[in-house]
Amino acid sequence: MSSTTLDLEATGGPSDAPASPASPASPTLAPARTLRDIFPPVYKTHILNCSYPKWHTKYRSLTPKTRIIPLDDTFVSYLRADGIVLPSDEDQITSLDTDSEDEEEDSDDEEGTPQLDPCVLFPEIHQKIKDTIHELGGKVAPKLNWSSPKDATFMTANTVECRKPGDIYLLFKSSDFITHDLEHAYDECIDEGVPAPEEQPELEQANIPYGLVLRKWFKINPSMEFRCFVRGRRLLAVSQRELNHFEFLEDMKRELVYCIKEFFDENLRYTFPDGDFVFDCYIPMTEAERKKVWLIDINPFAPRTDPLLFSWVELLELPFDGDEAEGRGRYPELRLVKKGDPEAYSFATPQYSTSKLPQEVVQAGLEGEEAIWEFAKRWKDIVGQMEAKDKKAEDDKKVEDDKKVEDDEKAEERK
Ligand SMILES: Nc1ncnc2c1ncn2[C@@H]1O[C@H](COP(=O)(O)OP(=O)(O)O)[C@@H](O)[C@H]1O
Ligand SMILES: [Mg+2]
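Residues numbered from 1 in each chain as written. Chains lettered and ligands numbered in written order. Predicted model: local features only at pLDDT ≥ 70, side-chain atom pairs only at ≥ 80, totals over all residues.

Student: Lay out the sheet that holds strand 4 (residues 225–231) in plain terms, naming residues and giving numbers.
Tutor: Judged by pairing direction, the sheet is mixed, and its five strands sit side by side in the order 7-6-4-5-8 without closing on themselves. Looking at which strands have only one partner, the edges of the open sheet turn out to be strand 7 (294–299) and strand 8 (333–335). Direction aside, the axes of adjacent strands within the sheet are offset by 25° on average. When strand 6 (residues 277–282) meets strand 7, the two strands line up antiparallel, connected through five bridges. Of the residues in strand 7, the one forming a bridge with Val278 is Asn299. Of the strands in this sheet, strand 4, strand 5 (234–240), strand 6 and strand 8 touch helix 10 (residues 249–268), which is tilted by about 140° from strand 5. (Pairing = 2+ DSSP bridges. Helix = DSSP H or I, 4+ residues; strand = E, 2+ residues; numbered from the N terminus. Axes fitted to C-alpha atoms, helices over the stretch in contact; angles between N-to-C directions. Contact = placed C-beta atoms within 7 Å.)

Below, the structure written as C-alpha cells:
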C-alpha cells in the first residue's frame, strides 16, 4: 500500500538544473509527484462506506447469499495475536507459536485446554460460524470488512473455500490482507472534513465494528470477474479481473459492457453514498443466467485499490463530469488481456508474493492439515534455503558475466 512515485511532468517545466542563487530566473526542479497528489482526497468515510458489513444491508439482493457475524474484541485479539491455535473440536489442535515466552503464556490451563483455543475463548462466535457454514451449504468464501485472505491460500490448497471455522482462522491469521484491515484500514486517509469521533466513532481504527463475512461458496469462473471504476457517478472503465488471456471474451465484449452498465445504472449509480468507488462484479457464464450480474465487492476509489489493466493516472484523466444525458448514454471502455500481451505473461506467474512459494508449500496445502503443520515447523529453514539459493544464483550469474566480459576482451585483443 505504498504510495507510488509517478513520472508526471513537473509543473514548473522540465529542468535538470537545481535552483541556483546565481540564476534566480532559472526554473526549479519540482518534487516528484505521487499518486496521492493527483487523487481526489480519500476520507475515512469513503473507506467505511466500502466496508462489506456497511454496504451489504443495502445491496443484499445483488450479492451471493451472505451472512455477517459481528466480531467482539476477544475474537479480534485472537486474530491479532501471534501464533495459531486452532479449535480443539476439529481434527487438529496445534499451536504454531514458536516463541517460547508466548508458549508459556499460552500454556494449558488446569483442565488441559489451551487458553487460546477458540472453543474456550469465544465459544459462541465459534459455534455461530459452524452453524452458519452449515446453513450456507457447507462451504463458504470468507472475508473481513474489506479483504479476503487470498494471499494466504497456500495454506489451503490455493483456495479461499472454507468448510470449518478452523479453515477460516488459519487463513485469516496467515494473511497480510487481513492484517491490513485490522491495523491499517484508515492509513493514507486525510482527516479533514471528517465528523468528530464522538459523532461517528467507527471512523477511529480502534472502534471499527468488525464483521466476519461468510459468502455461500459457488464455483466462480475467473474469466467472468470484472472490476468497474466509477467517478462522479459515471461508469468510466471496466477491467478484466483475472489477468490472463481468454479468447472468447473478445466476442462477448459488447454484451458484457451492456450488462455491466445496465447493472450499474439500475442498482448502484444513485444509491451508493459516494460518487467515486470501484466495484467488482461477476457475470455467470451461461447466456440464460447472464441476466443476473452479481456484486462481489465494493472498493475505495483510492491508490490502494488495484487498477488492474488500467493505470490510476489513466483513470484519473478520463472525463467524469459533463452532460447528465450524455453520461447515461456513454459506455465505458472494457479492457481485456489480449493474446500475447505482456500482462498475460507477467500475470501468468502467481499474483501475490506468498504464492511464489516452493512446490512443497503448495503440496503441503494439498495434502491436508497435518502436512501443513509439519511444513509450518520447517518454514524458517525453507525461507533460509530459498534465500541462500537466490544468492548463489546471483553469485553464479555474476561469475558467468565477468567471465564473458573477460573472454570478449581476450577475443578482441586477438583480432
Ligand atoms: N461466494 C463466493 N464463492 C466463491 N468464490 C468467491 C465468492 N465470493 C468471492 N469469491 C472469490 O474471492 C475473490 C476475492 O473476493 P473479494 O471479495 O473481491 O475480496 P478482495 O476484496 O480481498 O479482493 C473474488 O475475486 C472471487 O474470485
Ligand atoms: Mg475488494
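Student: Pulling in residues and values, what's your account of the site of ligand 1?
Tutor: Neighbouring ligand 1 are 17 residues, the closest being Pro64, Ala141, Ser148, Arg215 and Asp297. Of all the secondary-structure elements, those providing two or more residues to the shell around ligand 1 are strand 2 (140–143), strand 3 (211–216) and strand 7. Classifying every residue of the shell around ligand 1 gives eight nonpolar, two polar and seven charged. Built from parts of two domains, the shell around ligand 1 gets at least three residues from each of domain 2 (42–102 + 112–219) and domain 3 (221–356). (Near = placed C-beta within 6 Å. Nonpolar A, V, L, I, M, F, W, Y, C, P; charged D, E, K, R; others polar. Domains from an automatic or database assignment.)

Student: Provide a residue-level description of the confidence of the model for the protein, including the pertinent values.
Tutor: Looking at the protein, the pLDDT average stands at 80 and 71% of residues meet or exceed 70. Contacts from residues 1–25, a stretch scored under 50 in pLDDT, to residues over four places away or in other chains number 33 contacts. Overall, residues 365–369 carries pLDDT values under 50, and its contacts beyond four positions in sequence, including any with other chains, amount to nine contacts. (pLDDT = per-residue confidence, 0-100.)

Student: An account of the pairing of strand 4 is requested, with residue identities and associated values reported.
Tutor: Strand 4 sits mainly inside the fold: six of its seven residues count as buried. Inspection of the sheet shows strand 4 paired to strand 5 by six bridges, in the antiparallel sense. Paired with Cys228 across the strands is Val238, a residue of strand 5. Hairpin connection between strand 4 and strand 5: a loop of two residues separates the two successive antiparallel strands, and Gly232 in this loop has a positive phi of roughly 60°. (Buried ≥ 20, exposed ≤ 12 C-beta atoms within 10 Å, placed from the backbone.)

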